[in-house]
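These are the residues of each chain, in order.
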Amino acid sequence: MMVKLIRSMAEALVGNPGEVQVLETRGGQTSVYELSVAKEDLGRIIGKRGQTVKSIRTILNAVSSKSNKKVVLEIVE
Amino acid sequence: MKDFMEIEAKTIDEAIEKACREYALPREKLNIEIISEGSGGFLGILSKRAKIRASVLSIDMDISGPFHEMPRSVSKDIPVETQDVNDIDIDMAETSRKMIEGILSRMGFPFPVSIKESDEYILLNIKGDGSGILIGKGGQTLDALQYIVNKALNKNGKERKRIILDTENYREKREKSLVTLARKLGEKAKRIKKPVTVNPMNAHDRRIIHLALQNDKELVTKSKGEGAFRKIIIVPNKKG
């Protein structure tokens with residue numbers, strides 16, 4: 001579910017939706033998601049002062065708070 | 001085949017010539033309607049292209065002659081144009097609604113979203129379940145969703161309407177509680193005769209605080225700090 005959510009938001013934000021990739025590493029307490037996008041889209045995903053990625057993380061945390069699990073979103077180059 | 005063709009060129013003459021070639025008919029056999037006359041502009045920059053609508057002249061029209069031709073072309077023009085403009089508007093509101101519904105359903109909240117549109121903004125109201133999970137602490141989840149939808153729709157850099165998200169009447173409640181907070185802190189500043197700092201807030205919330213106190217002659221409001229840490233300081237007026 002998280003992968004689909006991250007992917008849909010990322011695809012809406014970038015110029016090259018075809019290059020959006022999300023990698024999931026599940027853990028007991030924490031799950032880590034690695035998001036990669038086309039190089040020219042990095043700025044769009046991070047946003048001014050990281051505002052965009054901060055918003056994505058806020059949304060992910062709202063979802064994960066239901067299941068008492070932690071979510072970590074990393075952006076990989 | 002479409003019964004008419006819209007053609008753009010530098011001049012009307014060129015457009016008509018092009019139309020003749022497209023239909024492989026001489027000018028006399030075509031019904032030409034001028035949509036916009038081209039203008040030369042400045043050294044070719046800012047020039048407006050001439051636009052015509054061409055259709056094959058049918059035999060009926062030939063008989064009824066120039067009588068029918070003029071009113072037809074005038075009345076035909078107007079509805080087509082306005083419909084185009086409306087389509088774009090509906091499109092943006094609809095697109096934003098679909099986007100937010102898509103994100104919500106992937107979050108596990110398949111709530112319906114209704115649209116209210118004005119000249120400056122599109123208000124999307126999410127019919128929540130009353131749990132407040134979509135709002136988050138201090139409205140941060142709702143603001144994050146709003147931010148993402150605005151960013152996603154404005155990525156082409158075109159000037160568009162602002163999208164405002166609301167659920168369970170949160171925006172109005174928030175405004176009321178901020179105004180109450182502003183008045184309370186304003187009173188405190190006057191009482192202790194010292195500046196009072198308000199917690200960091202986003203631009204929208206800060207604006208509400210500034211507006212709530214702008215008519216109070218005994219107080220001055222200022223903003224300090226950068227980015228997410230920007231906050232308001234309420235200062236009692238020295239003379240007051």
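Note that the structure is predicted; figures quoted are calculated from it, not measured. Here, residues in each chain are numbered from 1, in the same order as that chain's written sequence. Numbering of ligands from 1 and lettering of chains from A proceed in the order in which they are written. Given that this is a predicted model, residues contribute local features only at a pLDDT of at least 70 and side-chain atom pairs are listed and counted only at 80 or more, while totals for whole chains, interfaces and linings are drawn from all residues. To obtain the side-chain values, all non-hydrogen atoms of the structure were used and water was disregarded.

**Overview of the sheet that holds strand β8 (residues 219-224) of chain B**
Residues and elements named next belong to chain B.
(1) Moving on: Only strands that DSSP links by at least two bridges are regarded as paired with each other. Only DSSP runs of H or I reaching four residues or more are called helices, and only runs of E reaching two or more are called strands; each is numbered from the N terminus. A sheet is described by the order of its strands in space; here 3 strands give the open sequence β7-β9-β8, paired in antiparallel fashion. A single partner strand is all that each edge strand has here, and the edge strands are β7 (196-197) and β8.
(2) Moving on: Both β7 and strand β9 (residues 231-236) contribute to a ladder of 2 bridges, which runs antiparallel. Pairing of Thr 197 across the sheet is with Ile 233, part of β9.
(3) Moving on: Here, residues are in contact when the closest pair of their heavy atoms is within 4.5 Å. Note on method: axes are straight lines fitted to C-alpha atoms, helices fitted across the in-contact stretch only, with angles between N-to-C directions ranging 0 to 180 degrees. Packing of helix α6 (residues 203-213) onto the sheet brings it into contact with β8 and β9, and relative to β8 it is tilted by some 165°.

**Here's the deal with empty space enclosed by the protein**
Residue and element names in this part refer to chain B.
(1) Moving on: Definitions used for this entry: grid spacing 1 Å over protein atoms alone; cavity, a set of points where a 1.4 Å probe fits but cannot get out; pocket, an open set with protein on both sides within 12 Å along at least 5 of 7 lines; lining residue, one with an atom within 4 Å of a point. Grid points are joined across faces, edges and corners, and a volume is the space filled by probe spheres set on the points. This structure, assessed with the given rule, holds 2 cavities of 30 Å³ or more.
(2) Moving on: Taken as a whole, the second largest cavity holds about 30 Å³ of empty space.
(3) Moving on: Considering the residues around the second largest cavity, the lining is formed by Phe 111, Gly 128, Asp 129, Ser 131, Gly 132, Ile 133, Leu 134, Ile 135 and Glu 168.
(4) Moving on: A per-class count over the lining of the second largest cavity returns 4 nonpolar, 3 polar and 2 charged. When residues are sorted by character, Ala, Val, Leu, Ile, Met, Phe, Trp, Tyr, Cys and Pro go into the nonpolar class, Asp, Glu, Lys and Arg into the charged class, and all the rest, Gly among them, into the polar class.

**A few points about the pattern of salt bridges**
Residue and element names in this part refer to chain B.
(1) Moving on: In the sections that follow, a salt bridge refers to a side-chain nitrogen of Lys or Arg positioned within 4 Å of a carboxyl oxygen of Asp or Glu. In the structure shown here, the tally under the stated rule is 14 salt bridges over all chains.
(2) Moving on: Glu 101 is the salt-bridge partner of Arg 97, the closest N and O atoms lying 3.7 Å from each other. Here Arg 97 pairs with Glu 101, and both are found in helix α3 (residues 66-107), just 4 residues apart, close to one helical turn.
(3) Moving on: By relative accessible area, which is 26% here, Glu 101 ends up partly exposed.
(4) Moving on: The partner of Arg 174 in a salt bridge is Asp 205, and the shortest N-O contact between them spans 2.7 Å. Residue Arg 174 is located in helix α5 (residues 170-192), and its partner Asp 205 is located in helix α6; the two are separated by 31 residues in the primary sequence.
(5) Moving on: A 1.4 Å probe rolled over the protein chains alone gives each residue an accessible area, and that area as a share of the maximum for its type sets the label: buried under 20%, exposed over 50%, partly exposed in between. Asp 205 gets classed as buried once you look at its relative accessible area, which sits at 6%.

**Focus: the side chain of Thr52(A)**
(1) Moving on: Here Thr52(A) is to be found in helix α3 (residues 51-64).
(2) Moving on: Ignoring sequence-local partners within four residues, the contact set of Thr52(A) consists of Leu13(A), Arg44(A), Ile45(A), Ile46(A), Gly47(A), Tyr147(B), Ile148(B) and Lys151(B).

**A look at the interface of chain B and chain A**
Where interface size is given, it is often the accessible area lost as the parts come together that is meant.
(1) Moving on: With 19 residues of chain B at the contact, the number on the chain A side is 22 residues.
(2) Moving on: Here the quantity called buried area is the accessible surface, traced with a 1.4 Å probe, that two parts lose on coming together, added over both. In this assembly, chain B packs against chain A so that about 1,700 Å² is buried in total across both faces, 70% of it on carbon and sulfur atoms.
(3) Moving on: A per-residue breakdown of the area chain B buries against chain A is headed by Arg106(B), Ile148(B) and Lys155(B), which together make up 35% of the total.
(4) Moving on: On the surface where chain B and chain A come into contact, there are 1 salt bridge.
(5) Moving on: Two residues, Glu226(B) and Arg49(A), come together in a salt bridge whose shortest N-O distance is 3.5 Å.
(6) Moving on: N or O atoms within 3.5 Å of each other form a polar contact, as long as, within protein, one can give a hydrogen and the other can take it, and as long as residues adjacent in sequence are counted only when both atoms are side-chain atoms. Taken together, the connections running from chain B to chain A amount to 0 residue pairs in polar contact (both at pLDDT 80 or more).
(7) Moving on: Top contributing element to the side of chain B that touches chain A by residue count: helix α4 (residues 140-153) of chain B, with 8 residues.
(8) Moving on: Per-class residue counts for the side of chain B that touches chain A are 11 nonpolar, 4 polar and 4 charged.

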